Amino acid sequence: MLEISPVNNTHSKSIIDLVLNIQQKEFNVPITIDDQPDLMQIEDFYFANGGSFWGAFIEGELVGTIALLKFDDKAAAIRKMFVKKEFRGKEHTIAQKLLEILISYCRENGIDEVYLGTVSILKAALRFYERNHFTIIDKELLPAKFPVMNADNVFCFLDLKSNL
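A brief look at the structure comes next.

Rules behind the numbers
Residues numbered from 1 in each chain as written. Predicted model: local features only at pLDDT ≥ 70, side-chain atom pairs only at ≥ 80, totals over all residues. Heavy atoms only, no water. Helix = DSSP H or I, 4+ residues; strand = E, 2+ residues; numbered from the N terminus. Expected span 1.5 Å × (residues − 1). Buried < 20%, exposed > 50% of the residue type's maximum accessible area, 1.4 Å probe, protein only. Arc of directions from axis to C-beta. Contact = heavy atoms within 4.5 Å. Pairing = 2+ DSSP bridges. Axes fitted to C-alpha atoms, helices over the stretch in contact; angles between N-to-C directions.

Focus on helix α3 (residues 94–108)
Right, so step 1: Counted at 1.5 Å a residue, the expected span for α3 with its 15 residues is 21 Å, and the 21 Å between its end C-alpha atoms agrees.
Right, so step 2: All of the buried residues in α3 are I94, L98, L99, L102, I103, Y105 and C106. Buried residues of α3, seen end-on, are gathered within an arc of 170° and therefore sit on one face of the element.
Right, so step 3: One or two residues past the end of α3 sits G110, with phi positive at roughly 70°.

Structure, rendered in structure tokens:
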């Protein structure tokens, strides 16, 4: 049974284990915990500015995450969207449920623009975002305050005002 709920610093270790495993071992992205200090200070980094961070749990095991980093009055970035390999796909729909919770949160909190950065090798992730009405945009079109991660080379945008 899937349960999705907000997570905080008490979940940092399991979040770090999930995220680094997928980044480093599965996709060979050259990123370390030192490149992601947000994972050790979830409350200060995400919640303090009006964002959030959710975990997907099955029988108490963390199997997925998604975070929202608010960087402007009406704009935010999706961060840390990860689902364990064995829980991906249409039979589980965990990524879809995580994204729907994030979008509902945006609508309830007056966030109209959602951006994200990802890596071009994550083809399934890009298809997922496109199916969910995100459009790929040039890096130059990102808002000045958008927090670009060094590894990211593909950027997406969702206008919640026009996707009602």
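Things to note about the side chain of S5
Right, so step 1: Structurally, the position occupied by S5 is in strand β1 (residues 2–6).
Right, so step 2: You can call S5 buried: its relative accessible area is 18%.
Right, so step 3: When neighbours within four sequence positions are excluded, S5 is seen to be in contact with F53, W54, G55 and F57.

Details of the sheet that holds strand β4 (residues 75–83)
Right, so step 1: Strand order in the open sheet made by the 7 strands is β1-β2-β3-β4-β5-β7-β6, with mixed pairing throughout. The open sheet has two free edges, formed respectively by β1 and β6 (135–137), since each of these has just one partner strand. Averaged over all pairs of adjacent strands, the angle between their axes in this sheet comes to 25°, without regard to strand direction.
Right, so step 2: In the sheet, strand β2 (residues 52–58) pairs with strand β3 (residues 61–72) via 7 bridges, with the strands oriented antiparallel. When the bridges of β3 are listed, S52 appears paired with L68.
Right, so step 3: The strands that helix α1 (residues 12–26) touches are β2, β3 and β4; relative to β3, the one it contacts most, it runs at about 90°.
Right, so step 4: The sheet strands contacting α3 are β1, β2, β3, β4, β5 (113–118) and β7 (154–159), and the helix crosses β3 at an angle near 30°.

Considerations on unusual backbone geometry
Right, so step 1: You will see that E59, though not glycine, has its phi angle at about 50°, which is positive.
Right, so step 2: If you trace the backbone, E59 turns up in the loop between β2 and β3.
Right, so step 3: Positioned with a positive phi, T93 is a non-glycine residue whose angle comes to about 50°.
Right, so step 4: With respect to the secondary-structure elements, T93 resides in the loop between β4 and α3.
Right, so step 5: Under the relative-accessibility criterion, T93 is labelled partly exposed at 30%.

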